[in-house]
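# Remarks on the overall topology
Here is what each chain is made of, one letter per residue.
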Amino acid sequence: MALDNETMQGLLESVARFVRERLRPLEHQVAREDCIPAEIRREIAAMGLFGLSIPEDYGGLGLTMEEEVRVAFELGKTSPAFRSLIGTNNGIGSQGLIMDGTEEQKQRYLPRLASGELISSFALTEPEAGSDAASLKTSARRGEGGYVLNGTKRFITNAPHAGLFTVFARTDPSQPGARGVSAFLVEAGTPGLSCGPIDRKMGQSGSHTSDVIFEDCHVPSDALLGGREGQGFRTAMKVLDRGRLHISAVCVAMAERVIDDSLRYAVERKQFGQPIAEFQLVQAMLADSRTEAYAARCMVLETARSKDRGADVATDAACCKLFASEMVGRVVDRAVQIHGGAGYIADHGIERFYRDARLFRIYEGTSQIQQIVIARNMVRDL
Ligand code: COS
């Protein structure tokens, strides 16, 4: 444990209180305005939430994976846009740097990521390279004193707000697959780097994605992550293994939130002269949702503990992501059903979770990619 029990308990309680008292009342506003208020960002920064997973030596809280998923179990009990604001700094935007960066690179960026002064983004996906990430085309040619980047990245979370991008680009055009890929740390404002317009999405309003475009973008040699070419794809995969576990925890949290909303509604709502919670067909939906959310919670905690013990959790993290993201899809669907007509009306907020949850089965690897990772590793390890 990075934190003693009492401190950890205090952190969990303050995140739960913050979600209850500050974030939940803002859910409709954030959805309507597609924007998280600046004072909320400041409060999130003051609580240290931008640096949950960043080591203490660089100004973060240095939480273990188990501690991090426990925080996500609380923070995820509201609109996922709030979690997404800190998601890249704790996950895919910073982990490449933490795992494989040089000491100088860590010193330069991690303290500002931990404080929330700088937002980071993970720029892997391209218009023609999504699930097949190793086929990416963005190029990084050696140029004077560094590299010249050209290409387009797509659906990049937090890109419109990012000060730092971890960019995956091909340094060796003779290697068409994973081996030719390297990772770069590129600062916003570098000439030749620009972001496209903010994407209009099905859900998760308040969290923004956009294209990131590189046109003859010169970066110095020391922007190469870890100072080594050809390591980028491996870095991306390690980062995603970890990210998938965190997303699984967020799925558990959203499921628990909508189960709680559904239960309260079912107890209050009367039909045929009694609360609908007393009807066995409604009870079946509540019970199935509770069972599945509990199973996902256990999987996530077990895998997080195993990661903290130093085990390779690539397969188990994929199992968690597959199960938890599919699970929350079923749970929000039942939540709409239990709410009936109200579930379809925006004012009740349930349809918003239904749309928000859909992304979990897609980003950080689709369900089908998780199945491939799991089965391939099973065959490999036989
Ligand atoms: N940890 C460390 N290294 C890994 C790894 C992992 N989890 N998974 C793969 N690697 C390494 C392999 O060992 C291999 O290295 P060598 O060439 O030295 O042997 C290299 O990476 C290539 O691996 P692989 O051959 O498995 O690559 P594939 O092109 O077959 O792709 C999948 C594998 C499909 C699993 C990968 O492309 C993937 O995860 N795609 C989904 C991408 C994604 O999640 N996108 C979401 C965008 S971010 S929101």
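Residues numbered from 1 in each chain as written. Predicted model: local features only at pLDDT ≥ 70, side-chain atom pairs only at ≥ 80, totals over all residues. Heavy atoms only, no water.

Under an unreviewed UniProt entry, the name given to the protein chain is Acyl-CoA dehydrogenase, and the organism recorded is Chelatococcus asaccharovorans. What UniProt states about the protein chain under its Cofactor (unreviewed entry) heading is, verbatim, "FAD". Quoted verbatim from the Sequence similarities (unreviewed entry) field of the UniProt record, the comment on the protein chain reads "Belongs to the acyl-CoA dehydrogenase family." (UniProt positions renumbered as here; feature names shortened; annotations may be inferred.)

## A word on the packing of aromatic side chains
Here the structure, examined in full by the defined rule, presents four aromatic pairs. Relative to F184, the ring of Y147 lies with its centre 4.9 Å away and its plane at 65 degrees, an arrangement referred to as edge-to-face. With Y147 in strand β3 (residues 146–157) and F184 in strand β5 (residues 181–187), the pair connects residues that are 37 residues apart, well separated along the chain. Consider the rings of F360 and Y363, whose centres lie 6.1 Å apart with planes at 50 degrees: the pair is tilted. Note on F360: relative accessible area 0%, which makes it buried. Using a relative accessible area of 16% as the deciding quantity, one classes Y363 as buried. Lying across the ring of Y294, R290 places its NZ or CZ 5.6 Å from the centre. Note that R297 overlies the ring of F73, its terminal NZ or CZ placed 4.2 Å from the centroid. (Phe/Tyr/Trp six-rings, centres within 6.5 Å; stacked < 30°, edge-to-face > 60°. Helix = DSSP H or I, 4+ residues; strand = E, 2+ residues; numbered from the N terminus. Buried < 20%, exposed > 50% of the residue type's maximum accessible area, 1.4 Å probe, protein only. Lys NZ or Arg CZ within 6 Å of the ring centre and 35° of its normal.)

## Remarks on the site of the ligand
The environment of the ligand is formed by 20 residues, the closest being S131, R234, D241, R244 and R376. The side chain of D241 places a nitrogen or oxygen atom 2.7 Å from a nitrogen atom of the ligand. G365 has a polar backbone atom sitting 3.0 Å from an oxygen atom of the ligand. For the ligand, the protein covers 70% of the area, taking 1,000 Å² as the surface of the free molecule. Elements supplying a minimum of two residues to the shell around the ligand: α8 (232–268) and α13 (367–380). Looking at the shell around the ligand element by element, the count peaks at seven residues for α8. For the shell around the ligand, the residue count by class is nine nonpolar, four polar and seven charged. Of the residues that make up the shell around the ligand, three or more belong to each of domain 2 (120–229) and domain 3 (234–381). (Near = heavy atom within 4 Å. Polar contact = N/O pair within 3.5 Å; in protein donor to acceptor, adjacent residues only side chain to side chain. Areas by Shrake-Rupley, 256 points an atom, 1.4 Å probe, with all protein chains shown as cover. Nonpolar A, V, L, I, M, F, W, Y, C, P; charged D, E, K, R; others polar. Domains from an automatic or database assignment.)

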